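# Observations on the three-dimensional arrangement
Each chain, letter by letter, is given below.
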Amino acid sequence: MPEGHTVHRLARTLDQLFAGRRLAVSSPQGRFAAGADVLDGATLVGAEAWGKQLFCRFDVPGPDAGAYERWLRVHLGLYGAWTFAGDGSADVAHAIGAPRRRVGERETTLSSEPSDQAAGGRDPRPAGPGEWTAPEPRGAVRVRLLAPHAVADLTGPTACEVLTPDEKAAVEDRLGPDPIRPDGGHDSLEAARAAFVARVRRSRVTVGQQLIDQAVVAGVGNIYRAEALFRAGLDPLRPGRDVAAAVLEQIWDDLVALLRDGAASGRIVTTRPEHRDDGGAAHGGGATGDEQARAGAVVTAAGRRRTRQNTDDDPDAVPAHEAFYVYHREGLPCRVCGTPVLIEELAGRNLFWCGVCQT
DNA sequence: TTTGTATGTGAAG
DNA sequence: TTCACCTACAAAG
């Protein structure tokens, strides 16, 4: 599910796996053969994300002793995904043993599973420590990044190209502030918020359309759009210039919390415990970390407080069907007022909202 | 085996 | 506003 939070997680994983390492770069599928040729044998200096864009810096050995800087730019689009495998030596705890496969970061397991090996037609098990071998690429692998201890395969990206530093800067120039970056990609998070508010208010384009415009705010997709607007009680069809600055500031702050939670957990959970189907009795996770901290304890269905359990902070404890207020809930009763959730196609994308709670 | 679906983007009309 | 495109997987026939 590649909205901005996913891409930031991927950047972190690639960083942890490969930063500072010389990599064998190839394109098993062939469609990135020329780019792989440029990067093969180069050192991956680090990976970073800006919104949904993933940038990996490589130092490519030059003709003399020096090296020149190149950036691998990847945009996952709707179907793109990275697959990781390795000998388990790297410390990427958040990616190990992920309970489910997700678009955007599927099979995040870093110890090669026997089934993977079998599927690749390899020996069922590596010979021993230090003799790990990467599984055969599965599917249409555009790019393979290979180190002695780990491999990362990319399939189905919308964009995958090698850029010069200037070209990378040109891409970033077209992007709005990113709520996940510590400074929002601006001089400060406050400056980023001000830029977001001013940008939305200078246009009469609906706030719903503007929220998924990457030039307005980078990293927000269809889910965060729908959920942030619901949490703000704001009608998606309202023209941007008619939205009070204070409301937009609140939306920005909420996006910062929601996206950062998503990047930390790998899941999008926007519902507050009291708005889940069971009233939050089973688990208190989700909403934002701030909200959890303020809550301090869990209120049961019977209205009693109980001690927070470990699973309360685990967003995986919130079932998928309770994670959202309106996204993909068309026709179902609004979690707050009970009115059926609306759906409408706006600019080619499905828009979900509550006609009563959002005005 | 075919069809449908998906959290996205950008070019063409 | 419509279309093409990148791919995997589940459901339908």
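Relevant structure appears above.
Note that the coordinates shown come from a computational prediction; the quantities given were computed from them, not determined experimentally.

With that settled, the discussion passes to the pairing of strand 13 (residues 342-346). In this sheet, strand 14 (residues 349-353) lies alongside strand 13 in antiparallel orientation, the contact comprising five bridges. Within the sheet, the bridge partner assigned to Leu346 lies in strand 14 and is Arg349. Turn length for the strand 13-strand 14 hairpin, with the two strands adjacent in sequence and antiparallel, is two residues, and the turn residue Ala347 shows positive phi of about 50°.

Packing of helix 1 (residues 4-18) against helix 8 (residues 245-265) brings their axes to within 8 Å, and their N-to-C directions diverge by 45°. Considering the angle they form, helix 1 stands oblique to helix 8. Between helix 1 and helix 8 lies a crossing of right-handed hand. Contacts between helix 1 and helix 8 involve His5, His8, Arg9 and Arg12 on the former and, on the latter, Leu259, Gly262, Ala263, Ala264 and Ser265. Tallied by class, residues from the contact of helix 1 with helix 8 come to three nonpolar, four polar and two charged.

Attention shifts here to the environment of Gly77. Mapped onto the elements of the fold, Gly77 is located in the loop between strand 5 (67-75) and strand 6 (81-86). In the structure, Gly77 is positioned 24 residues away from Gln53 in sequence and 9.6 Å away in space, judged by C-alpha atoms. Not counting the four nearest positions on each side in its chain, Gly77 is found in contact with Pro2 and Thr158.

Attention now moves to the sheet that holds strand 5. Strand order in the open sheet formed by five strands is 1-3-4-5-10, and the pairing between neighbours is antiparallel. The sheet is open, and its two edges are formed by strand 1 (21-22) and strand 10 (159-163), each paired on a single side. Summarising the sheet, strand 3 (residues 43-50) and strand 4 (residues 53-61) pair through seven bridges and their orientation is antiparallel. By the bridge assignment for strand 4, Leu44 is matched with Phe58. Here helix 1 sits on the sheet and contacts strand 1, strand 3 and strand 4; the angle it forms with strand 3, its principal contact strand, is near 165°.

Before going further, it helps to examine the pattern of salt bridges. A complete count under the given rule lists nine salt bridges for this structure. Across the pair Arg57 and Asp59 runs a salt bridge whose closest N-O atoms are separated by 3.1 Å. For Asp59, a relative accessible area of 24% corresponds to the partly exposed category. Sharing partners across several salt bridges, the network here consists of Glu48, Lys168, Glu172 and Arg181.

About the criteria used
Residues numbered from 1 in each chain as written. Chains lettered and ligands numbered in written order. Predicted model: local features only at pLDDT ≥ 70, side-chain atom pairs only at ≥ 80, totals over all residues. Heavy atoms only, no water. Pairing = 2+ DSSP bridges. Helix = DSSP H or I, 4+ residues; strand = E, 2+ residues; numbered from the N terminus. Axes fitted to C-alpha atoms, helices over the stretch in contact; angles between N-to-C directions. Parallel < 35°, antiparallel > 145°, perpendicular 65-115°, else oblique. Left-handed = near helix turned anticlockwise from the far one by under 90°. Contact = heavy atoms within 4.5 Å. Nonpolar A, V, L, I, M, F, W, Y, C, P; charged D, E, K, R; others polar. Salt bridge = Lys/Arg side-chain N within 4 Å of Asp/Glu carboxyl O. Buried < 20%, exposed > 50% of the residue type's maximum accessible area, 1.4 Å probe, protein only.

From the geometry alone we can't say anything about function, so treat these as descriptive.
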